[in-house]
Amino acid sequence: MEAPDRNLALDLVRVTEAAALSSARWLGRGDKNSGDQAAVDAMRLCFQSLNITGTIVIGEGEKDEAPMLYNGEKVGSGRGPGVDVAVDPVEGTRLLAYGRPNAISVVGIAPEGTMFDPGPSYYMKKLVVPAGAAQVVDLDAPVEVNLKSIAKALGKDVDDLVVFVLDKPRHKELVDDIRKAGARIQLHTDGDVAGSLMAVDPRGEIDVMMGTGGTPEGVLSACAIRALGGQMLTKLDPQSETERQACLDYGIDLNEVLSVTNLVKSEDTFFAATGISGGTFLPGVVYSGTGANTYSLVMRGKTGTLRRIEAHHSWNKLMKFSSVKYD
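Residues numbered from 1 in each chain as written. Predicted model: local features only at pLDDT ≥ 70, side-chain atom pairs only at ≥ 80, totals over all residues. Heavy atoms only, no water.

Another aspect to go through is the overall build of the protein. Per the secondary structure count, the protein includes nine helices and 14 strands. When its C-alpha atoms are laid out on the principal axes, the protein stretches across 55 × 55 × 40 Å. Residue pairs at least 24 apart in sequence account for 67% of intrachain contacts in the protein once pairs closer than 6 positions are excluded. Summed over all atoms, the accessible surface of the protein reaches about 14600 Å², with 48% contributed by carbon and sulfur. Separation between the mean location of the 34 positive side-chain charges and that of the 43 negative ones in the protein comes to 5 Å. (Helix = DSSP H or I, 4+ residues; strand = E, 2+ residues; numbered from the N terminus. Contact = heavy atoms within 4.5 Å. Areas by Shrake-Rupley, 256 points an atom, 1.4 Å probe, with all protein chains shown as cover. Lys, Arg positive; Asp, Glu negative; His and termini not counted. Charge placed at Lys NZ, Arg CZ, Asp CG, Glu CD.)

Rendered as structure tokens:
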């Protein structure tokens, strides 16, 4: 029997836990920048202990705009495999600032050169479904047709389905179409990485995610979706003429439909997410006088493994695990 290679997701979860523990101190305090900065600082420091030679493909922005965890930054000890890295230290900074549910810290990695480079694209149209409906969706089909196909594949009626949609003015027509088709809707102000994960989580109550969200978040989500066998169909969807022209100048085909395998070309992905604020997806950080509890998901694409981790961090142990519960 061949010995298994290292599951880097179990190293990545230390990075997302550190970011969550630092940023959760800013829960509901109305200062999204400070909460995000706390997560960035903790995540960057923790990356130094990982034996990877990483390059951030999806980060906090360009170097001049984001002094830490910027696109192109090198992370890791430099003594391990070459990997592309996608990070979102706080996915849902406004959720954190206003004490709303489902703010999370997320990291995904894949072999070097396999992540889609979004260039100047900020927005993409997305359709995310679980494994059972991965083969029946068409991004260009009418909403009603997709919902009927998804329901049939999942063994449900259309009115059993729950659709995750970001509550944005651009989705007014989409929401109307979903309602006309008879499906139910969960509207969320922010957090389309969490929405993508909810749609493919076998324990979740979301059946599908629809609508236009962040392009970087789409690439990051693809690391997890590949692990769970779901599907994400996307098409870049510029929200301004400036963005549209920038994408064309970068050589991007705005009519091309990209699947999850286009966004991350390797199945050897690793993904970790830790809850910051509590919610339907992951419980948030819970502090006590002696430490804190965190709740995380870790996934590995090569084996299709999903682990749920509840960890207690003891202050008198320098925030190392005093107990870890795997599910």
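Bringing unusual backbone geometry into the picture now. Phi angles above zero are rare outside glycine, and N102 is one such case at about 75°. Looking at N102, the relative accessible area reads 6%, which means it is buried. (Buried < 20%, exposed > 50% of the residue type's maximum accessible area, 1.4 Å probe, protein only.)

Under the defined criterion, the tally for this structure stands at zero aromatic pairs. Stacked on the ring of W26, the Lys or Arg R29 has its end atom at 4.2 Å from the ring centre. (Phe/Tyr/Trp six-rings, centres within 6.5 Å; stacked < 30°, edge-to-face > 60°. Lys NZ or Arg CZ within 6 Å of the ring centre and 35° of its normal.)

Right, let's get into the nonpolar core. Within the largest apolar cluster, 44 residues are counted, with the highest numbers of intra-cluster contacts made by I104, M115, L197, L263, F271, F281 and M299. Here the element with the most residues in this core is helix α7 (residues 215-228); it accounts for eight residues. Among the nonpolar cores identified, the runner-up in size contains 38 residues, and A20, L21, V83 and I109 belong to it. (Core = buried A, V, L, I, M, F, W, Y, C linked by side-chain atoms within 4.5 Å.)

Following the criterion strictly, the structure yields eleven salt bridges and no others. E73 is the partner of R44 in a salt bridge, and the nearest nitrogen-oxygen pair spans 2.6 Å. One end of the pair, R44, is in helix α2 (residues 32-47); the other, E73, is in the loop between β1 (53-58) and β2 (74-75), and 29 residues separate them in sequence. Judged by its relative accessible area of 31%, R44 falls in the partly exposed class. Salt-bridge contacts for E241 lead to R244; the nearest nitrogen and oxygen are separated by 3.0 Å. Of this pair, E241 and R244 both sit in helix α8 (residues 241-249), separated by three residues, roughly a single helical turn. Since its relative accessible area comes to 47%, E241 is described here as partly exposed. Members of the salt-bridge network, linked through shared partners, are R94, K168 and D190. (Salt bridge = Lys/Arg side-chain N within 4 Å of Asp/Glu carboxyl O.)

We now examine the side chain of D88. Positionally, D88 belongs in strand β3 (residues 82-91). Lacking a salt bridge, the buried D88 has K126 as its closest oppositely charged neighbour, with an N-O distance of 9.3 Å. The contacts of D88, once residues within four sequence positions are left out, are E60, I104, S105, V106, E217 and L220.

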